[in-house]
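# Topology and contacts: notes
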Amino acid sequence: PAFKEKFTLRVAAGVYYQAPFHKEFRDTTQVDGIATVSLNRDIRSQRSLHFVAGGDYNFRAMDRPFRFSMEVYYKALSNLIPYNIDNVRISYYGRNLSKGYATGIDMKLFGEFVPGTDSWLSFSLMKTEEKINGQWLPRPTDQRYRLSLYFTDYFPGSRKWKMNLKGTLAGGLPFGPPHSGREAAVFRTSPYRRVDIGMSRCIIDRSERENQRGIRSLWLGVDIFNLLNISNVNSYYWVTDTRNNQFAVPNYLTSRQINVRLLLDF
């Protein structure tokens, strides 16, 4: 807008068709525990009609540049092919059985909290559901919130040592027992939590020289992924006892790891 040059506003709309692939053509039916598979030749592409409105606000704080971005979106979904998740296997219904929606808001603060470095803080809210057999159910990707932080800083009195910190907190995803349909996916996994930290040392820095050939900079770094060694759930393995009671046993993602990296800039 002409009255406020620090603001940038944008509006977008579109339609997207996703062509089905082989697994979505497979129409699987369960009768007395016996699965029968046939190809559905009448399958149609899933469609998304989406609308996005957002904007940026550029400002200065602590004598440094910052930018705050926000977007609000809504997607009307039709001709959906529902699917179940069994551990890490995806099983599609093989038919265009549902319609749904996805709506949410994304916010991000980006700037130089420390001069010459990039840092950001983001927060997102989202809700997505689909209607199957007259019942609204959360989609497998229904992650209600996500908070992320990335921060970079130099050691006091030195531009050769650099530290970066990244943290993530996200809501759990819906899940349920296998071979029971989406209607039974009434549980949610525990929240995803992770903190990564890294340290880098500049070995060679010739970036300010004009007409420099060869290596302009060389950085050696060490990262610790999942610093707090949090056991995040990836999926569940279901165990059935002799009385037909089912128990969900969690499968966990990778624990703490150390990574060494070498960054060359020519």
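Reading the values: rules and limits
- Residues numbered from 1 in each chain as written.
- Predicted model: local features only at pLDDT ≥ 70, side-chain atom pairs only at ≥ 80, totals over all residues.
- Heavy atoms only, no water.
- Helix = DSSP H or I, 4+ residues; strand = E, 2+ residues; numbered from the N terminus.
- Rg over C-alpha atoms; globule rule 2.2 N^0.38 Å.
- Contact = heavy atoms within 4.5 Å.
- Areas by Shrake-Rupley, 256 points an atom, 1.4 Å probe, with all protein chains shown as cover.
- Lys, Arg positive; Asp, Glu negative; His and termini not counted.
- Charge placed at Lys NZ, Arg CZ, Asp CG, Glu CD.
- Phe/Tyr/Trp six-rings, centres within 6.5 Å; stacked < 30°, edge-to-face > 60°.
- Lys NZ or Arg CZ within 6 Å of the ring centre and 35° of its normal.
- Buried < 20%, exposed > 50% of the residue type's maximum accessible area, 1.4 Å probe, protein only.
- Salt bridge = Lys/Arg side-chain N within 4 Å of Asp/Glu carboxyl O.
- Patch = residues over 30% accessible without salt bridge, like charges linked within 9 Å, V, L, I, M, F, W, Y side chains within 5 Å.
- Polar contact = N/O pair within 3.5 Å; in protein donor to acceptor, adjacent residues only side chain to side chain.
- Pairing = 2+ DSSP bridges.

Attention now goes to the overall build of the protein chain. When helices and strands are tallied, the protein chain shows one helix and 19 strands. Compactness check: the protein chain gives a C-alpha radius of gyration of 24 Å against a globular reference of 18 Å for 266 residues, more than 25% above the reference. Projected onto the principal axes, the alpha-carbon positions of the protein chain cover approximately 70 × 55 × 35 Å. In the protein chain, once contacts between residues fewer than 6 apart in sequence are set aside, the share between residues at least 24 apart is 59%. On the protein chain, roughly 17,200 Å² of surface is accessible, and the fraction owed to carbon and sulfur atoms is 56%. Counting 37 positive and 24 negative side-chain charges, the protein chain places the centres of these two groups 1 Å from one another.

Bringing the packing of aromatic side chains into the picture now. According to the stated counting rule, one finds twelve aromatic pairs in the structure shown. Ring centres of F155 and W161 lie 6.0 Å apart, and the angle between their planes is 45 degrees; this geometry places the pair in the tilted category. In this structure an aromatic cluster arises from ring pairing among F7, Y57, F59 and F66. Across from the ring centre of Y154, 4.1 Å away, lies the NZ or CZ of R159, which sits over that ring.

With that out of the way, let us pick up the environment of F59. Tracing the sequence through the fold places F59 in strand β4 (residues 46-61). For F59, a relative accessible area of 23% gives the class partly exposed. With residues near it in sequence (within four places) discarded, F59 still touches R64, P65, F66, R67, F68 and L109.

Here A61 shows up in strand β4. Considering only alpha carbons, one finds A61 and A184, 123 residues apart in sequence, at a separation of 50 Å.

As enumerated under the stated definition, the model contains nine salt bridges in all. In this structure, the salt-bridge partner of D142 is R188, at a minimum N-O distance of 2.5 Å. One end of the pair, D142, is in the loop between β10 (135-138) and β11 (145-154); the other, R188, is in strand β14 (residues 187-188), with 46 residues separating them in the sequence. Taking relative accessible area as the criterion, D142 reaches 0% and is therefore assigned buried.

Our focus in this paragraph is a nonpolar patch on the surface. A contiguous nonpolar patch, built from I203, L220, V222, I258, V260, L262, L264 and F266 and spanning about 820 Å² of accessible area, is present on the exposed surface. Where the nonpolar patch is concerned, the elements lending two or more residues are β16 (217-225) and β19 (257-265). With four residues, β19 is the single largest residue contributor to the nonpolar patch. Topologically, I258 is positioned in strand β19.

A word on the side chain of S200. Structurally, S200 can be placed in strand β15 (residues 192-205). Polar side-chain contacts of S200 include one of 3.1 Å to the side chain of R261. Not counting chain neighbours up to four residues away, the residues in contact with S200 comprise K160, W161, K162, W219, L220, G221 and R261.

A separate point is the pairing of β10. Two strands pair when backbone bridges link them, and strand β9 (residues 119-132) and β10 are joined in this way by four bridges, in the antiparallel orientation. Counted as the bridge partner of I132 is Q135 from β10. The antiparallel hairpin formed by β9 and β10 contains two residues in its connecting segment, where N133 sits at a positive phi of about 55 degrees.

Structurally, S148 is set in strand β11. Not counting residues within four places of it along the chain, the set of residues in contact with S148 comprises W120, L121, S122, G167 and T168.

Here we take up unusual backbone geometry. At N133, a position not held by glycine, the phi torsion is positive, near 55 degrees. Positive phi is not limited to glycine here, since N244 has a value of about 65 degrees.

These values are about where atoms sit, not about what they do.
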